[in-house]
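# Analysis of the macromolecular model
In case you want the letters, here they are:
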Amino acid sequence: MMTDPFFYAAAIPAVIMVGLSKGGFGGAMALLGVPLMALAISPVQAAAILLPILIVMDMVSLWTWRSHKDNKTLAIMLPGALIGITIGWATAAWVTAPMIRLIVGTVALWFVWRYMMQNLAAARTGNKQAPRGHQPVLGTLWGTLSGFTSFVSHAGGPPYQIYTLPLQQDPKTYTGTSVRFFAIINAIKLIPYFALGQFDMTNLSTSLALAPLAPVATLAGAFIVRRMKPDIFYPFMYVMVLLAALKLIWDGAIHLLA
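Here is a short report on the structure shown in this document. All of these numbers come straight from a predicted model, not from anything done at the bench. (Residues numbered from 1 in each chain as written. Predicted model: local features only at pLDDT ≥ 70, side-chain atom pairs only at ≥ 80, totals over all residues. Heavy atoms only, no water.)

Its 18 residues give helix α7 (residues 136–153) an end-to-end C-alpha distance of 25 Å, which sits within 8% of 26 Å, the value for a rise of 1.5 Å per residue. Buried residues along α7 sit in contact with α5 (71–90), α6 (97–125), α8 (157–164) and α9 (171–195). Of the residues one or two after α7, His154 is the one with positive phi, at around 55 degrees. (Helix = DSSP H or I, 4+ residues; strand = E, 2+ residues; numbered from the N terminus. Expected span 1.5 Å × (residues − 1). Contact = heavy atoms within 4.5 Å.)

Here it is as structure tokens:
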């Protein structure tokens, strides 16, 4: 694998896309990482190779967005995320990733459809949709699902976005909060990944070879997001959720039918 040109042809674009996502874009680009690398290696090995790279990206993102966060969002969602990771680890031998992708993709698609219907209604009446306040029970539930799907298939983004996008936070606050949320999740995931034997010298060496791409791609994503206005940022993020939903549904359906 370390000397296979086809592997790097798939892995390099995958790391760049995930890095741009980590910089602040979120959504579909992050979900393309494992499938792209899986063109050359198994999905399980691809996920194990990507996790240390995600940690490097998280460190860069935490420094880049160090002044922006919403502590209340983190306080509501992180306990649920920890529960979700624990459930994912405990059920790793029985839960199938394709079924999880199909369920999460369907829910995310419904979320975008509801957003579009609400916007159409607001356009007809002339009343702009107001930001939704925090709902601790709902936030804990979506945090749990985000932690679970992040552990199973690195697909924790859509559940997180379903809860946080309607809050309509400042784009910098939204991005800084999501960076902290997933940095903590990825750090916690290291423990069960080690316990399940996902890290060996081959995977770690490959992660190290690809790691220099991580800060460059992450900083590029942050550079672009910092210059986006809210009226551009939020429609863009909903498009990312839509693309992520379609990708998850496609992956889940293809594997289940096969």
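From this point on, the discussion continues.
Residues Phe7, Met37, Ile53, Leu165, Phe181 and Leu210 are the most contacted members of the largest nonpolar core, which totals 53 residues. When residues of this core are assigned to their parent elements, the largest contribution, eight residues, is made by helix α4 (residues 43–64). Counting seven residues, the second largest nonpolar core, distinct from the first, contains Leu31, Ile100, Phe148 and Ala155. (Core = buried A, V, L, I, M, F, W, Y, C linked by side-chain atoms within 4.5 Å. Buried < 20%, exposed > 50% of the residue type's maximum accessible area, 1.4 Å probe, protein only.)

Per the counting criterion, the structure on display carries two salt bridges. One salt bridge in this structure joins Asp58 and Lys22, with 2.7 Å as the shortest N-O distance. Of this pair, Asp58 sits in helix α4 while Lys22 is found in helix α1 (residues 5–25), placing the two residues 36 residues apart along the sequence. Here Asp58 and Lys22 have matching classes, each one buried. With its nearest N and O atoms 2.5 Å apart, the salt bridge here joins Lys247 to Asp251. With a gap of four residues between them, Lys247 and Asp251 both fall in helix α12 (residues 230–257), about one helical turn apart. (Salt bridge = Lys/Arg side-chain N within 4 Å of Asp/Glu carboxyl O.)

Locating Leu248 in the fold gives a position in helix α12. Using a relative accessible area of 3% as the deciding quantity, one classes Leu248 as buried. Considering only alpha carbons, one finds Leu248 and Gly105, 143 residues apart in sequence, at a separation of 4.9 Å. Non-local contacts of Leu248, meaning those with residues more than four positions away in its chain, are made with Leu31, Arg101, Leu102, Val104, Gly105, Ala155 and Pro158.

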